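Structural description and commentary
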Amino acid sequence: MIRTPIHQAQSGQLLARSIPNPIDPSTTAVKRGTVLSARVIRALERMAVRSVWTVEEGVDALDDFAPSPINAPLRALVTTYAGAWHLLCENPEAPLPVEQFRIGLEEAVAELRFLPSFHCVLDHQRHPDFECGWHAARTAVLAVMMARAWHEAGRSRSGDDAAAVIPDETELALGAFLHDIGTALVPESVRMRPGFEATRQDAEECRKHTALGAAFLNEQVGRFAADLAMTHHRNFDGTGYPARHILSGSLLTRGAAMTLSERILSLANAFEVLHGRCGYLTIEALEELNAARSHHFDPDLLHILNRIVPAFDIGSPVNLSSGHLGIVRGFSPETPFQPAVQLVRDPTGASLPEKRRITLRLTDYANLRVRSIDGRRVEHLQPEKSGHGWEDM
């Protein structure tokens, strides 16, 4: 199957994966096997569906695309989060279902070992009422994945340096899941205003969500979650917000030094905002974050992020510098910008016969690169490389 941007979908294509109902993600809006028509495509556009999986002749489905078990508990968490968030908007003293969140996150964390890729966590076809919940859920999953990778890379779970201690996974997931809860506590007039209409005063009011969320979580959840809410917009070099002098007089009496869990959340949140909310391609989001290395983010954690989040989504159609259309079939953590690609169309656009649909490792060819994804050029984002030429194949 192949991921097709909705604006490029054509009548007659066969839907390879079901599309969740945007209002109730636990149900299906369009079933797998549906033949797309102009009417169905228009309906999907109205649902804000950005892309669909369609059957491509001669291209088999990958095991990676089997529904990930982690999405079942996440759906339930997102629905509960959305309800709690809206209730909090109406009543700032409303209690959070903390234990329900904790149990759901424990189940989700337990399923992480079956997660082929972070991109298998649902990230689209969402109703606006659920967007805040999916952002929270994906940020929590990514934060735990980064903490595990930190440990697997040889970092210690304990030690004299409190800033380098690996946090409890469930508590990290809970704190990351609730990091933006303070957005429900900012004035409604600011919260509901479109971003392009926001004034500088609105921005200052919105920035208070960190302190508002921290104070709220300190009462209802605990100090660890409160600290994460307070610092998730802080930077590795001490910039960001809240300002250092505000931090020193707040819950964070230990000062402005960021712990490992806070550095993890800062990076996980930034990636998810770019990729999940702003619509950046993965490679574009990684490029943006890596450009801020050592300033906004911990360089060691950026290295880990580059390893665990594929720069190219497996299954994505990509245009190569040779003119061929290919499907990303895999990647190596050591060379995340040079995936393995199966050729499916030649430079003229003609479909390749089965015997010529070979899979190439781009690391083996010096002048073969991914030129564009969904019509967006990304060639300039990839590092220079060495190897024998495409013509030598």
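Each remark here, short or long, concerns the structure printed above.
Below is a short write-up of the structure. A quick note: this is a predicted structure, and the numbers were derived from the prediction, not measured. (Residues numbered from 1 in each chain as written. Predicted model: local features only at pLDDT ≥ 70, side-chain atom pairs only at ≥ 80, totals over all residues. Heavy atoms only, no water.)

**Quick look at the packing of aromatic side chains**
- Taken as a whole, this structure holds three aromatic pairs when the rule is applied.
- Ring plane angle 40 degrees and centroid distance 6.4 Å describe the contact between Y81 and F101, whose orientation is recorded as tilted. Placement of Y81 in helix α2 (residues 71–90) and of F101 in helix α3 (residues 98–110) is noted, with a sequence separation of 20 residues between them. F101 carries the same exposure label as Y81, and that label is buried.
- Between F101 and F177 the ring centres are 5.2 Å apart and the planes differ by 70 degrees, which places this aromatic pair in the edge-to-face class. One end of the pair, F101, is in helix α3; the other, F177, is in helix α5 (residues 169–177), with 76 residues separating them in the sequence.
- F101 sits in the buried class, given a relative accessible area of 1%. (Phe/Tyr/Trp six-rings, centres within 6.5 Å; stacked < 30°, edge-to-face > 60°. Helix = DSSP H or I, 4+ residues; strand = E, 2+ residues; numbered from the N terminus. Buried < 20%, exposed > 50% of the residue type's maximum accessible area, 1.4 Å probe, protein only.)

**What about the pairing of strand β6 (residues 325–332)?**
- Across the eight residues that make up β6, a large majority, six, are buried.
- Bridge analysis of strand β5 (residues 317–320) against β6 gives three bridges, and the strand direction is antiparallel. When the sheet's bridge partners are listed, V318 is paired in β6 with G326.
- Linking β5 back to β6 in an antiparallel pair, the connection comprises four residues, with G323 at a positive phi of about 100 degrees.
- Here six bridges tie β6 to strand β7 (residues 335–345), and the two strands are oriented antiparallel to one another. In the strand pairing of β7, G326 is matched with L343. (Pairing = 2+ DSSP bridges.)

**Considerations on the packing of helix α9 (residues 223–231) against helix α11 (residues 260–277)**
- Where α9 contacts α11, the axes come no closer than 9 Å and their chain directions differ by 45 degrees. Classed by the angle they form, the pair α9 and α11 counts as oblique. Remark: the crossing between α9 and α11 carries right-handed chirality. Packed against α9, whose contacting residues are F224, D227, L228 and T231, the element α11 presents S261, E262 and L265 at the interface. (Axes fitted to C-alpha atoms, helices over the stretch in contact; angles between N-to-C directions. Parallel < 35°, antiparallel > 145°, perpendicular 65-115°, else oblique. Left-handed = near helix turned anticlockwise from the far one by under 90°. Contact = heavy atoms within 4.5 Å.)

Without other data, these values stay purely geometric and don't point to any function.
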